Amino acid sequence: MNIGLIAHNSKKTLIEDFCLAYKRIFSKHELYATGITGRRIEEVTNLKVHKFLPGSIGGDKQLTEMIERNDMDMVIFFYNPSLDNHEETDIYTISKYCDIYNVPLATNIATAESLVLGLDRGDLDWRLSM
């Protein structure tokens, strides 16, 4: 399955730690991330990550396009909820497209853990028939 990974600057360490903790599960899937996040995940985990542009210059749009093509099966987006409205555009757009195209989305570590453990159990295999 294709898994999208995004993190705002203040959440980069959190997503690194999360990916390291679930490295065994993630190693069975294709990982996609915005530029800096992807590079940092690769450095920490030694997993292969397909990297988009940095989010601020179009990486979030590239991820959204994959969602639109039904080429993304799950998204984990650790964002900073205290950002101003201008900076919230990326989370709003990605969550909107995930809702439109029925792509599971986690925006916090508790939900992300539930999705990843469900992925490992096969709970998201219904995405394979889409």
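Residues numbered from 1 in each chain as written. Predicted model: local features only at pLDDT ≥ 70, side-chain atom pairs only at ≥ 80, totals over all residues. Heavy atoms only, no water.

A. Up close: the environment of V44. Secondary-structure assignment places V44 in helix α3 (residues 35-45). Judged by relative accessible area, which is 32%, V44 ranks as partly exposed. As a C-alpha pair, V44 and D73 span 29 residues in sequence and 23 Å in three-dimensional space. Each residue touching V44, except ones within four places of it in the same chain, is listed here: E16 and L20. (Helix = DSSP H or I, 4+ residues; strand = E, 2+ residues; numbered from the N terminus. Buried < 20%, exposed > 50% of the residue type's maximum accessible area, 1.4 Å probe, protein only. Contact = heavy atoms within 4.5 Å.)

B. How the structure looks around unusual backbone geometry. In this structure, N46 takes a positive phi of about 65 degrees despite not being glycine. By secondary structure assignment, the location of N46 is in the loop between α3 and β3 (49-51). Given the relative accessible area of 67%, N46 is considered exposed.

C. Main features of the pairing of strand β4 (residues 74-78). Burial runs high along β4: five of the five residues are buried. Side chains of β4 alternate between two faces, with M74, I76 and F78 and V75 and F77 buried alike. The sheet contact formed by strand β1 (residues 2-7) and β4 spans five bridges and is parallel. Residue pairing across strands places I6 opposite F77, the latter belonging to β4. Here β4 pairs with strand β5 (residues 105-106) via two bridges, running parallel. (Pairing = 2+ DSSP bridges.)

D. Layout of the environment of L47. Turning to its location among the elements, L47 is positioned in the loop between α3 and β3. Residue classification places L47 among the buried residues on the basis of a relative accessible area of 11%. Between the C-alpha atoms of L47 and Y101, which are 54 residues apart in sequence, the distance is 27 Å. Contact partners of L47, with chain neighbours within four places excluded, come to K23, F26, S27, L31 and E42.

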